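Survey of secondary and tertiary structure
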Amino acid sequence: MGTQSGKASFGDPCGMNGADPRPSVVTPRAHHHGKPVTMLIESTPNVGESSESLPPKRGLRVLVVDDNADAADLLGDALEAIGYEVRVAYDGASALALSPSFRPALALLDIGMPGMNGFELATRLHALVGLEGLKCVAVTGYGQADDRRLSAAHGFEAHILKPIDMPSLGHELRRLMA
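Sequence order as written defines the numbering, with residues in each chain counted from 1. For this predicted model, a pLDDT threshold of at least 70 governs which residues receive local features, and a threshold of 80 or more governs which side-chain atom pairs are given and counted, while totals over whole chains, interfaces and linings are taken from all residues. Side-chain metrics in this entry use all non-hydrogen atoms of the structure; hydrogen atoms and water are not considered.

Some words on the confidence of the model for the protein chain
Each residue carries a pLDDT score, the predictor's confidence in it, ranging from 0 to 100. For the protein chain, per-residue confidence averages 78 on the pLDDT scale, and 68% of positions sit at 70 or higher. Confidence over residues 1-33 falls short of pLDDT 50; this stretch has 74 contacts with residues more than four positions distant or in other chains. Any two residues having at least one pair of non-hydrogen atoms within 4.5 Å are treated as being in contact. Confidence over residues 37-53 falls short of pLDDT 50; this stretch has 50 contacts with residues more than four positions distant or in other chains.

Encoded structure:
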């Protein structure tokens, strides 16, 4: 399957049997059906594409939490590749444990996690001392109007649907950190 700029691809990144001249990243942790996941990440915008999809500033701390380890690792690797400092957790308890020392500015949280769901996690992250300015983004497959209202009611400032379109995510993160 091929890919567009900033989107994940499983297998050959551009359907060209590896002949793509653009830089790509083979994530060391993420796998799909036993094969490493390749993600195409362009360092410059395409012709006609705004530079607004680029990160707002290098080194911004982002926490990614998703019970799907492959999805979490892939998103974390993609964000690191464009300059964010990232920590990944696979459940709410782990995210709460690492957040006080990491002190993220942004948290990208899956909603449908077992145990502590993303709604409860966002509420608990906002209550931690030192994280009062944390901005939470729901990264989820739940996209109905009621889902978006629930996200807002639990302190999420944005609601991004899976599968993630990286240029759109970049634009949203830039908007949040402006």
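Quick notes on the pairing of strand S7 (residues 135-140)
If a strand is regular, its side chains alternate between the two faces of the sheet. Classification of residues uses two cut-offs on accessible area relative to the type maximum, computed with a 1.4 Å probe and protein chains only: under 20% is buried, over 50% is exposed, and between them is partly exposed. Labels follow the DSSP assignment, with helices taken as runs of H or I lasting at least four residues and strands as runs of E lasting at least two, numbered in each case from the N terminus. Counting buried residues along S7, five of its six residues qualify, which places the element largely inside the surrounding structure. Only strands joined by at least two bridges in the DSSP assignment are considered to pair. Two elements, strand S6 (residues 106-109) and S7, share four bridges in a ladder whose sense is parallel. Bridge assignment links Leu108 to a residue of S7, and that residue is Val137. Here a crossover is taken to be right-handed if, once the strands point away from the viewer, the path from the first strand over the helix to the second is traced clockwise. In this region the chain leaves S6, passes through helix H3 (residues 118-127) and returns to the parallel neighbour S7; the handedness of that crossover is right-handed.

A few points about the packing of helix H1 (residues 69-81) against helix H5 (residues 166-177)
Structural elements are reduced to axes, namely lines fitted to C-alpha atoms, with helices fitted over the stretch in contact, and the angle between N-to-C directions of any two is expressed from 0 to 180 degrees. The contact between H1 and H5 brings their axes to 12 Å, and the two run at 65 degrees. Taken as axis vectors, H1 and H5 run roughly perpendicular relative to one another. Between H1 and H5 lies a crossing whose hand is right-handed. Only Met166, Leu169 and Leu173 of H5 make contact with H1, whose side of the interface consists of Leu75, Ala78 and Leu79. Ten residues, namely Ala, Val, Leu, Ile, Met, Phe, Trp, Tyr, Cys and Pro, are considered nonpolar, four, namely Asp, Glu, Lys and Arg, are considered charged, and the remaining ones, Gly among them, are considered polar. A breakdown of the residues in the contact of H1 with H5 according to their chemical character gives six nonpolar, no polar and no charged. Roughly parallel means an angle under 35 degrees; roughly antiparallel means over 145; roughly perpendicular covers 65 to 115; every other angle is labelled oblique. Two helices crossing with the near one rotated counterclockwise from the far one by less than a right angle form a left-handed crossing, whereas a clockwise rotation gives a right-handed crossing.

A word on the pairing of strand S8 (residues 156-161)
Relative to S8, S7 runs parallel, the two sharing five bridges. Note on S8: the bridge partner recorded for Val137 is Ala158. Viewed along the sheet, the connection from S7 through helix H4 (residues 145-153) into S8 turns out right-handed.

Let's talk about the packing of aromatic side chains
Each pair of aromatic rings taken from Phe, Tyr and Trp, with Trp reduced to its six-membered ring, is defined by centres within 6.5 Å and is described as stacked if the planes are under 30 degrees apart, edge-to-face if over 60, and tilted in the remaining cases. Counted according to the given criterion, the structure contains one aromatic pair. For the ring pair Phe119 and Phe156, a centre distance of 6.2 Å and an interplane angle of 80 degrees mean the geometry is edge-to-face. Taken together, the residues Phe119 in helix H3 and Phe156 in strand S8 connect sequence positions 37 residues apart. When sorted by exposure, Phe119 lands in the same class as Phe156, which is buried.

Regarding the packing of helix H2 (residues 92-102) against H3
Across the interface, H2 lies against H3 with an axial gap of 10 Å and an inter-helix angle of 15 degrees. Judged by the inter-axis angle, H2 sits roughly parallel to H3. By crossing handedness, the relation of H2 to H3 is classed as right-handed. Contact with H2, carried on its side by Gly92, Ala95, Leu96 and Ser99, involves Leu121, Arg124 and Leu125 of H3 and no other residues of that element. The class makeup of the residues in the contact of H2 with H3 is four nonpolar, two polar and one charged.

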